[in-house]
Amino acid sequence: MRAQLELELLGGPTEARLRRRRPGADDLPWGTLDAAAFDPIALHEARAVWTNGVFTEYASAAAFAAMAGAFLECRAPVDLSAAAADIVVDEIDHATVGSRLVMELGGAVAFRADFDLVSPATTPGASSLMRAAELALKTSCVGEALSISALSRSLAGADHPLVHAVLDRLLRDEGHHARIGAWFLEWAGDRLTDADRCHLAGVALDAIAVYRPLWHDRCAACEAPAALGGTAPQSHAELMIDAVRTRVAAPLERLGIALDRHRLDELLA
Ligand SMILES: [Fe+2]
Ligand SMILES: [Fe+2]
């Protein structure tokens, strides 16, 4: 069932724990954004971009939580499982900081999602090792790798101090988020057969296909101001296509997971 995206804090010891684990959120320059200074249509677009961003962070938290569970189930090294679990807290911090920015922009736009389906699906009947590999691929090697490029581009154009500070906080954590998938696949190396690698290459292509709207048919008129984190549709599309080739496909090939070139070209066309 679809429900409106809303983040709720319980408060008390659990909120205090989150703030202790991820300090500094209160020190960002909150209260410095004058929403009335922006064109109302562009401002609405920025609210939409950031509302979607909060959902993406929330969904990433769910994905890393599933990954941490799968790592434990397949007896991956415990520090790797700890990193996946810790990244869940990064993503929840990102969601809360993003949601606070949305409030400064004037509030969230309507955004309904089926939260029962927020965790990524894996192939039914797959072994714990393959479930972990699929989650590592989809979430880290594809999703987070693309997010680094998108966030870096937004950060470069965001000259409002609050938006810049929020993007900087988000981006600071992303390096490990995008690398944990490769760390897992390197560890899993000899445990994967050629057939497993072939299956994983298909999973990676399916995951890339999900992001196709980022470079294909993106609404040309929907552009949030760069100062508020927006990016121009055409240059963003080119950036994403380059990121798929250089940050996703090439590193996967080095890990022995070669994507079908023909299908990749079709997806990027
Ligand atoms: Fe994040
Ligand atoms: Fe992330």
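Bear in mind the structure is a predicted one, so any value in this text is a computation, not a measurement.

Trainee: Describe the overall build of the protein chain, and please don't skip the residues or the numbers.
Mentor: Scanning the protein chain from N- to C-terminus turns up 8 helices and 2 strands. Listing every helix and strand of the protein chain by position from the N terminus yields β-α-α-α-β-α-α-α-α-α. In terms of overall size, the protein chain behaves like a compact globule, its C-alpha atoms giving a radius of gyration of 19 Å where 269 residues would be expected to give roughly 18 Å. Expressed as lengths along the three principal axes of its C-alpha atoms, the size of the protein chain is roughly 60 × 50 × 35 Å. In the protein chain, buried positions account for 47% of the 269 residues. Sequence-distant contacts in the protein chain: of pairs separated by 6 or more residues, those separated by 24 or more amount to 83%.

Trainee: Describe the coordination of the iron ion (ligand 1), with residues and values.
Mentor: For a metal with four donors in a tetrahedral arrangement, the ideal angle between donors is 109.5 degrees, while six donors in an octahedron ideally sit at 90 or 180 degrees. The protein atoms that coordinate the iron ion (ligand 1) are Glu 57 (OE), Glu 91 (OE) and His 94 (ND1), at distances spanning 2.0 to 2.2 Å. Each donor residue of the iron ion (ligand 1) lies on the same chain, and together they follow the pattern E-x33-E-x2-H. Between the two metals, the iron ion (ligand 1) and the iron ion (ligand 2), the spacing is 3.2 Å, and Glu 91 donates to both. Placement of Glu 57 in helix 2 (residues 40-73) and of Glu 91 in helix 3 (residues 78-104) is noted, with a sequence separation of 34 residues between them. In this structure, Glu 57 and Glu 91 share a single accessibility class: buried.

Trainee: So what's going on with the coordination of the iron ion (ligand 2)? Residues and values would help.
Mentor: Protein coordination at the iron ion (ligand 2) comes from Glu 91 (OE), Glu 144 (OE), Glu 174 (OE), Glu 174 (OE) and His 177 (ND1), with a distance range of 2.1 to 2.8 Å. Expressed as a motif, the donor residue spacing for the iron ion (ligand 2) is E-x52-E-x29-E-x2-H. The exposure class assigned to Glu 91 is buried, which follows from its relative accessible area of 1%. The exposure class assigned to Glu 144 is buried, which follows from its relative accessible area of 4%.

Trainee: Explain the side chain of Arg 197 to me, using residue names and the numbers behind them.
Mentor: You can see Arg 197 is positioned in helix 6 (residues 194-210). With no salt bridge to any partner, buried Arg 197 finds its closest opposite charge in Asp 194, at an N-O distance of 4.6 Å. Leaving out residues up to four positions away in the same chain, Arg 197 has contacts with Gly 189, Leu 192, Leu 255, Gly 256 and Ile 257.

Trainee: Tell me about the confidence of the model for the protein chain, and name the residues and values.
Mentor: Put simply, the protein chain has an average pLDDT of 94, and 98% of its residues get 70 or more. When mean pLDDT is compared element by element in the protein chain, helix 3 scores highest at 98, while strand 1 (residues 2-4) scores lowest at 89.

Trainee: Quick rundown of the pattern of salt bridges? Include the residues and the values.
Mentor: For the coordinates displayed, the defined rule picks out 11 salt bridges. Glu 15 is the salt-bridge partner of Arg 19, the closest N and O atoms lying 2.6 Å from each other. Here Arg 19 pairs with Glu 15, and both are found in helix 1 (residues 12-21), just 4 residues apart, close to one helical turn. Glu 253 serves as the salt-bridge partner of Arg 261, at 3.4 Å between the closest nitrogen and oxygen.

Parameters and conventions
- Residues numbered from 1 in each chain as written.
- Chains lettered and ligands numbered in written order.
- Predicted model: local features only at pLDDT ≥ 70, side-chain atom pairs only at ≥ 80, totals over all residues.
- Heavy atoms only, no water.
- Helix = DSSP H or I, 4+ residues; strand = E, 2+ residues; numbered from the N terminus.
- Rg over C-alpha atoms; globule rule 2.2 N^0.38 Å.
- Buried < 20%, exposed > 50% of the residue type's maximum accessible area, 1.4 Å probe, protein only.
- Contact = heavy atoms within 4.5 Å.
- Donors = N, O, S within 2.8 Å, 3.2 Å for Na, K, Ca; no water.
- Lys, Arg positive; Asp, Glu negative; His and termini not counted.
- Salt bridge = Lys/Arg side-chain N within 4 Å of Asp/Glu carboxyl O.
- pLDDT = per-residue confidence, 0-100.

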